[in-house]
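Structural overview
These are the residues of each chain, in order.
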Amino acid sequence: MSKLAINTAQNVNLDYKLIGLGERVVAFLIDGLILTAYITIVENLVAVSEIFDVDDWTRVGFLSLFLLPAFFYSLLCHIIFGGQTVGKIIMKIKVVRFDGTPTQWYNFLVRWMLRIIDIWMFFASIGVLSILLSDKKQRVGDAAAGTIVISVKKKHKITSTILEDITDDYNPKFTTVTQLSDKDVRIIKEAFLIAKKNNDFKTLTVLKNKICEVLNIESELYDKEFIDTILKDYNYYTQNM
């Protein structure tokens with residue numbers, strides 16, 4: 001199974017499944033059904049409406065204007081939904097930069113322009129072959145834009161990383177927590193979760209004392225509350241550096 005490792009702001013590697021041909025084809029067909037429905041509705045409305053019943057050229061002009069969004073459907077959806085069309089949202093797949101940096105509008109533009117080669121020329125054979133033969137499962141447009149398609153189905157719980165769920169108005173209590181490294185915090189969190197699950201109060205006390213010793217701090221907080229605060233403080237500072 002092909003995977004991509006993306007590094008988060010806290011230097012936590014999350015492995016994502018690279019998407020091959022099958023799910024991409026299904027997403028493409030879903031988008032095709034949406035576009036077909038839209039085009040059919042627009043054509044029928046223009047055909048029956050008296051507003052456009054002036055002459056054939058006027059009707060064709062208005063019809064072309066109303067069908068313009070369908071032409072840019074893929075490009076607009078990827079930009080608006082951050083790398084997804086409706087079909088991709090349903091299939092839970094997404095276009096991202098292969099190096100983990102934020103995807104920009106021009107990346108989507110390059111992919112969209114090269115659909116002519118990947119999809120519309122030679123009955124999509126170029127796109128299919130490039131996906132099947134590429135290590136990163138990229139079509140020509142992906143290779144040119146520096147993008148790949150990944151699964152965004154949630155496989156990682158926040159408790160499996162050093163990440164903590166903190167609110168925007170969170171106020172940290174221990175400024176020296178930045179002396180810790182990601183590795184230190186990961187060890188602390190793993191020990192904290194195991195001790196809390198097993199009601200191992202002795203380990204919680206030892207863990208608190210060790211943190212206080214390393215950071216040269218004192219606290220009257222209970223062991224659980226103290227360690228939980230340390231984890232949240234570290235996330236607060238690393239996210240706002």
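Before reading on, note that the structure itself is shown above.
If you're wondering where the values come from, they're calculated on a predicted model, not measured in any experiment.

1. Some details on the packing of helix α3 (residues 73–80) against helix α5 (residues 105–113)
- Axis separation between α3 and α5 bottoms out at 9 Å; the angle between their running directions is 155°. Of the possible angle classes, the one that applies to α3 and α5 is roughly antiparallel. Between α3 and α5 lies a crossing of right-handed hand. Note on element contacts: α5 touches α3 through Trp 105, Phe 108, Leu 109, Arg 111 and Trp 112, opposite Ser 74, Leu 75, His 78 and Ile 79.
- Counted by class, the contact of α3 with α5 contains six nonpolar, two polar and one charged residues.

2. Examining the nonpolar core
- In terms of nonpolar packing, the biggest core is built from 19 residues, with Leu 180, Ile 188, Ile 211, Ile 217, Phe 226, Ile 227 and Ile 230 touching the most fellow members.
- Listing elements by their share of this core, those giving two or more residues are α9 (182–197), α10 (201–215) and α11 (223–239).
- Beyond its immediate stretch of four places on either side in the chain, Ile 217 contacts Phe 174, Thr 176, Cys 212, Phe 226 and Ile 230.
- Core analysis: the next-biggest nonpolar cluster, separate from the first, contains eight residues, Ile 19, Ala 27, Trp 112 and Val 149 among them.

3. Details of a nonpolar patch on the surface
- Where nonpolar side chains cluster on the molecular surface, the patch consists of Val 25, Phe 28, Leu 29, Ile 116, Ile 117, Trp 120, Met 121 and Phe 122 and spans about 780 Å² of accessible area.
- Elements with a contribution of two residues or more to the nonpolar patch: α1 (21–48) and α6 (115–120).
- With respect to the helices and strands, the residue Leu 29 is situated in helix α1.

4. Thoughts on the pairing of strand β4 (residues 147–151)
- Extensive coverage of β4 is indicated by the burial of five of its five residues.
- Of the two faces of β4, the one lined by Thr 147, Val 149 and Ser 151 and the one lined by Ile 148 and Ile 150 are each fully buried.
- Alignment of strand β3 (residues 93–97) against β4, held across five bridges, turns out to be antiparallel. Bridge assignment links Ile 93 to a residue of β4, and that residue is Ser 151.

What counts and what doesn't
Residues numbered from 1 in each chain as written. Predicted model: local features only at pLDDT ≥ 70, side-chain atom pairs only at ≥ 80, totals over all residues. Heavy atoms only, no water. Axes fitted to C-alpha atoms, helices over the stretch in contact; angles between N-to-C directions. Helix = DSSP H or I, 4+ residues; strand = E, 2+ residues; numbered from the N terminus. Parallel < 35°, antiparallel > 145°, perpendicular 65-115°, else oblique. Left-handed = near helix turned anticlockwise from the far one by under 90°. Contact = heavy atoms within 4.5 Å. Nonpolar A, V, L, I, M, F, W, Y, C, P; charged D, E, K, R; others polar. Core = buried A, V, L, I, M, F, W, Y, C linked by side-chain atoms within 4.5 Å. Buried < 20%, exposed > 50% of the residue type's maximum accessible area, 1.4 Å probe, protein only. Patch = residues over 30% accessible without salt bridge, like charges linked within 9 Å, V, L, I, M, F, W, Y side chains within 5 Å. Areas by Shrake-Rupley, 256 points an atom, 1.4 Å probe, with all protein chains shown as cover. Salt bridge = Lys/Arg side-chain N within 4 Å of Asp/Glu carboxyl O. Pairing = 2+ DSSP bridges.

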